[in-house]
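Observations on the three-dimensional arrangement
The residues making up each chain are set out below.
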Amino acid sequence: MTTPPVEFPVTWAPRRTRAVLLPVCAVLVVLFVVLALLLPANWQLNDRIMMIASGVLFAGAGLMLARPRVTADAEGVTVVNFVRRRRLSWAEIVRVNFRQGDPWATLDLADGTSLAAVGIQSGVGKARAIADARALRDLAEHHAQL
């Protein structure tokens, strides 16, 4: 199977999720800072600091949810999930799976393990996720033949 020429790098990510989460995280930090400043006078400084730290912690969790993406280039694929980032060469990817009911695509790897590719997820829309998984699969199959 031949794949038409692709402009590398190609990135798949739940863009709407990011578009919502990034401003929400900023609002959370601002909200908790304002709350810390408006607390009653009998609240101590460490209470205010913990209020701000809570806002930063919640925003950090939101930023982790906004991280997932899958980026393909001529040498391989970089999978960034919630916490971890992994770089794979094309030869390491045996198959790209996105079965009905799966929340995101998975990559079967040459070492017998699987890797979740959360950047390609059904939360962005089923048709879009299927098209993205197929595009990655086509690229993996194309590079397997080289």
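The preceding data block contains the structure.
First, a word on scope: everything that follows refers to the structure included in this document. (Residues numbered from 1 in each chain as written. Predicted model: local features only at pLDDT ≥ 70, side-chain atom pairs only at ≥ 80, totals over all residues. Heavy atoms only, no water.)

**Structural notes on the nonpolar core**
Of all hydrophobic cores here, the largest spans 23 residues; its most connected members are Trp12, Val77, Trp90, Ile93, Leu107 and Leu136. Of all the secondary-structure elements, those providing two or more residues to this core are β1 (10–12), β2 (69–72), β3 (76–80), β5 (93–97), β6 (104–109), β7 (114–121) and α3 (126–145). Broken down by element, this core gets its largest block of residues, five residues, from α3. Setting aside anything within four residues of it in sequence, one finds Leu107 in contact with Val79, Leu88, Ile93, Arg95, Val96, Thr113, Ser114, Leu115, Ala117 and Leu136. (Core = buried A, V, L, I, M, F, W, Y, C linked by side-chain atoms within 4.5 Å. Buried < 20%, exposed > 50% of the residue type's maximum accessible area, 1.4 Å probe, protein only. Helix = DSSP H or I, 4+ residues; strand = E, 2+ residues; numbered from the N terminus. Contact = heavy atoms within 4.5 Å.)

**Let's talk about the packing of helix α1 (residues 15–38) against helix α2 (residues 45–66)**
For the pair α1 and α2, the least separation of the axes is 8 Å and the interaxial angle reads 175°. The angle between the axes of α1 and α2 places the two elements in the roughly antiparallel class. Along its contact with α1, which presents Thr17, Arg18, Leu21, Leu22, Cys25, Leu28, Val29, Phe32, Val33, Leu35, Ala36 and Leu37, the element α2 presents Arg48, Met51, Ile52, Ser54, Gly55, Val56, Phe58, Ala59, Gly62, Leu63, Leu65 and Ala66. (Axes fitted to C-alpha atoms, helices over the stretch in contact; angles between N-to-C directions. Parallel < 35°, antiparallel > 145°, perpendicular 65-115°, else oblique.)

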